[in-house]
Amino acid sequence: MSVALHVGTGGKHIHTFEFNTQTGSLTHKSKTPSLVPSYISILPPQPNSDTTKYLAACNETSTGTLTLYKFAATKFSPFEFVGSVPTGDSPCFVSSVVVDEKIVVGVANYHGGVNFLSVEGGELNVKSVFVNEGVVGPNVERQEKSHPHQIVWRGNIGYVCDLGLDEIVVLKYENQPTDSTILQKFKCPPGSGPRHILFSNKSPYAYIVNELQGTISTIHISPSGEISHLVSSTSILPPSTLIKFETTTAGIKFFGEEEFILVSQRGENPFLAVLRVGSGGIVEVIGRTKVGGNVPRDFGVYGDFVVVGVQDKKLLEVYLFEREKVELRKVGEFEMENDPQCILFE
């Protein structure tokens, strides 16, 4: 059995692979022209009778755009270009949700605000832009202004990770002229630099990966969708190197029915950290696996396999999670022509 794996890059193409779910082998099948498609995301099904399947790509340049593609009729074939719209400086994350039977797309621009767009009949339209304001974090090199790094959805509530202001901004989207209303600005630990947030589907907890301090913050989500409090912060770094290198923590995903969390760490001591999720949302590091380069920016999970994009080596590495040993074992790799930045299983 095989599934499609799509890879967003820092080059000029989105690459599509056939992934063997039994062996973990990768076969390159096609590539789609796209300028710096650093983050890609599949849109939810159309709320009407239209069965067209779409993929959105952030084109992360200083004059950034969001590009919409539709899936070809043949599996593993290149995507078909639909259209693109300007979003702002350095779009780095895109996600979407259905609100009031309409698809709403959120785009986080690292050097700008957050765009909200509609998709109707394959046409992208910018509805509004949210620009966060507030007090910057203490890291003068990385937190000189607001840096929205992600927007994710739970229903019509969006959560924006602002690395520059050490905040999670909770927004309610109404599909009205004003579109988004601020429900809350939750302050993270000073200098932590929240990058991405991961929500549990089984508990009232979510997990923030903090890029600038190498920590995972567990937070409690109230029934209204607001963040009630910080539960704990856990370092993923080896104790002996806590202050010896710059931390640039990146990806975070669940693994094994939310029993574990995987986190990627970039820099002088790059690795994949395996964390066990305990009672009350508390996490504990139970293992670290060194990768074949310094920049494991993103990874994708399928079954017991993990595909890691090692950006600086232009390499995809495949690992198998051995449950009895609770460790990752490398089982393959694939050299790419572009640097992998986003790993997306279909």
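Quick note: structure is the one above.
A few points on the structure. The model shown is predicted, which means the values in this text are computed figures rather than measured ones.

## Concerning the side chain of Glu167
Right, so step 1: Mapped onto the elements of the fold, Glu167 is located in strand 14 (residues 167-173).
Right, so step 2: The class of Glu167 is buried, set by a relative accessible area of 5%.
Right, so step 3: Polar side-chain contacts of Glu167 include one of 3.0 Å to the side chain of Asn132.
Right, so step 4: Dropping the residues within four chain positions of it, Glu167 is found in contact with Asn132, Val160, Cys161, Asp162, Lys185, Phe186, Lys187, Cys188 and Pro194.

## Notes on the sheet that holds strand 17 (residues 205-210)
Hydrogen bonds between backbone atoms are what pair the strands of a sheet, whose relative direction is either parallel or antiparallel.
Right, so step 1: Spatially, four strands are ordered 16-17-18-19 in an open sheet, and the strand pairing comes out antiparallel. Here the strands that pair on one side only, and so sit at the sheet edges, are strand 16 (194-199) and strand 19 (227-235). For this sheet the average axis-to-axis angle between neighbouring strands, irrespective of direction, equals 25°.
Right, so step 2: In this sheet, strand 17 lies alongside strand 16 in antiparallel orientation, the contact comprising five bridges. Residue pairing in the sheet places Pro194 in a bridge with Asn210 of strand 17.

## Re the environment of Ile197
Right, so step 1: Considering the arrangement of structural elements, one finds Ile197 in strand 16.
Right, so step 2: Sequence separation between Ile197 and Asn210 is 13 residues, and the spatial gap between their C-alpha atoms is 9.1 Å.
Right, so step 3: Excluding residues that lie within four positions of it along the chain, Ile197 makes contacts with Gln150, Val152, Cys161, Ala206, Tyr207, Ile208 and Ile219.

## Overview of the sheet that holds strand 22 (residues 271-277)
Right, so step 1: Strand order in the open sheet made by the four strands is 20-21-22-23, with antiparallel pairing throughout. Strand pairing shows two members of the sheet lacking a second neighbour, strand 20 (248-255) and strand 23 (283-290), which therefore form its edges. With strand direction ignored, the average angle separating the axes of adjacent strands in the sheet is 25°.
Right, so step 2: Of the strand pairs in this sheet, strand 20 and strand 21 (residues 260-266) are connected by six bridges, and their pairing is antiparallel. Counted as the bridge partner of Thr249 is Gln265 from strand 21.

Calculation notes
- Residues numbered from 1 in each chain as written.
- Predicted model: local features only at pLDDT ≥ 70, side-chain atom pairs only at ≥ 80, totals over all residues.
- Heavy atoms only, no water.
- Helix = DSSP H or I, 4+ residues; strand = E, 2+ residues; numbered from the N terminus.
- Buried < 20%, exposed > 50% of the residue type's maximum accessible area, 1.4 Å probe, protein only.
- Polar contact = N/O pair within 3.5 Å; in protein donor to acceptor, adjacent residues only side chain to side chain.
- Contact = heavy atoms within 4.5 Å.
- Pairing = 2+ DSSP bridges.
- Axes fitted to C-alpha atoms, helices over the stretch in contact; angles between N-to-C directions.

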